[in-house]
Amino acid sequence: MGHLITMAIGVVVSRERINHAWQDVRWQPVSVFMDPPPQTGPWQELLRSDGYIHFHAATLLLELRHTEIMSYQVNLANGEPSVYVVMRDSEERDYPPVEPYLVTASPFEAQAHGESGFEVVERVAMPDQLIEVVEAFIKEHHRELSFDRGRRQPPPDDEPVFVLSNKLDKNTPKKTN
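Now for a quick tour of the structure. Here the structure is a predicted model, which means the values were calculated and not measured.

**Examining the pattern of salt bridges**
Any two side chains of opposite charge can pair, on the condition that their charged atoms come close. Summed over the entire model, instances satisfying the criterion amount to six salt bridges. When the shortest N-O distance is used, the salt bridge between Glu16 and Arg26 registers 3.3 Å. A residue pair is termed long-range when its members are at least 10 positions apart, and Glu16 in strand S1 (residues 4-17) and Arg26 in strand S2 (residues 25-34) qualify at ten residues. The class of Arg26 is partly exposed, set by a relative accessible area of 35%. Taking the shortest distance from any N to any O, the salt bridge between Asp50 and Arg17 comes out at 3.9 Å. Highlighted residues: Asp50 in the loop between strand S3 (44-49) and strand S4 (52-65) and Arg17 in strand S1, separated in sequence by 33 residues. One salt-bridge network, held together by shared partners, links Glu63, Arg65 and Glu109.

Next comes the structure, spelled out in structure tokens:
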């Protein structure tokens, strides 16, 4: 594995009817899956039932970066490993009103997107196959950082401050009592 792994992830978004004063439906991601088939069009219907419809809304690239190892460890240690789906208002069409924008396994990256106020971040369960990939990535790239307090080293002889202090010491007359 290299320092960066990129894989295609299918995002499933649910359109649910709700009983709310200001809106009739709620759009939210409900799952993700690996190895998605090619999409023949946007928002392919996967499942329809009374009150909801599940769509294969998008296929997005999930990136695992070696610089994010700690965040992946936090994700796996938090009980239920998750994939975070970032959704934005759709700019191209009125229906559906949202579109998946990003998928990430990093809770820190998800938090940064959630703080903007322009995007909605939802957490969905990480598939077992993806958990294995993330664990293998962590195992390969994780390096324990040792904390060595160390000792202060004297400055080298050619350091300007050291040279200047020696000259001052030689030119300063010594006090005698």
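Moving on, there is more to tell.
**Some thoughts on helix H2 (residues 107-114)**
When H2 is considered as a whole, its buried residues turn out to be Pro107, Ala110 and His113. Burial along H2 is one-sided: seen end-on, the buried residues are contained in an arc of 120°. If you follow the buried residues of H2, they end up packed against helix H1 (69-77), strand S5 (82-89), strand S6 (98-104) and strand S7 (119-125).

**What about the side chain of Ser106?**
You can see Ser106 is positioned in the loop between S6 and H2. Within the structure, Ser106 has its side chain in polar contact with the side chain of Glu68 (distance 3.2 Å). From its side chain, Ser106 meets the backbone nitrogen of Glu109 in a polar contact 3.1 Å long. Apart from the residues lying within four places of it in its own chain, the contact partners of Ser106 are Glu68, Ser71, Tyr72 and Tyr84.

**Digging into the sheet that holds S3**
One open sheet holds the four strands; their spatial order is S2-S1-S4-S3, and the pairing between them is antiparallel. Because the sheet does not close on itself, it has two edges, and the strands there are S2 and S3. Going from strand to strand, the sheet's axes swing by 35° on average, the running direction of each strand aside. Sheet strands in contact with helix H3 (residues 128-141) are S1, S2 and S4, and its direction is about 10° off that of S4.

**Regarding H1**
A turn of α-helix holds 3.6 residues, and therefore any two residues three or four places apart point the same way. Turning to H1, its buried residues number three or more, namely Ile69, Ser71, Tyr72 and Asn75. With its buried residues spanning 160° around the axis, H1 presents them on a single face. Facing away from the buried side of H1 by over 90 degrees, the exposed positions are Met70 and Ala77. The inward-facing, buried residues of H1 abut S4, S5, H2 and H3. A positive phi of about 95° marks Gly79, the residue just after H1.

**Here we look at the packing of aromatic side chains**
Under the counting rule described, the total for this entry stands at four aromatic pairs. Judged by centre distance (5.5 Å) and plane angle (85°), the ring pair of Trp27 and Trp43 falls under edge-to-face. With Trp27 in strand S2 and Trp43 in the loop between S2 and S3, this pair connects stretches of sequence that are 16 residues apart. What makes Trp27 buried here is its relative accessible area of 14%. Ring geometry for Trp43 against Phe55: centres 5.6 Å apart, planes inclined by 70°, an arrangement best described as edge-to-face.

Conventions and cut-offs
Residues numbered from 1 in each chain as written. Predicted model: local features only at pLDDT ≥ 70, side-chain atom pairs only at ≥ 80, totals over all residues. Heavy atoms only, no water. Salt bridge = Lys/Arg side-chain N within 4 Å of Asp/Glu carboxyl O. Helix = DSSP H or I, 4+ residues; strand = E, 2+ residues; numbered from the N terminus. Buried < 20%, exposed > 50% of the residue type's maximum accessible area, 1.4 Å probe, protein only. Arc of directions from axis to C-beta. Contact = heavy atoms within 4.5 Å. Polar contact = N/O pair within 3.5 Å; in protein donor to acceptor, adjacent residues only side chain to side chain. Pairing = 2+ DSSP bridges. Axes fitted to C-alpha atoms, helices over the stretch in contact; angles between N-to-C directions. Phe/Tyr/Trp six-rings, centres within 6.5 Å; stacked < 30°, edge-to-face > 60°.

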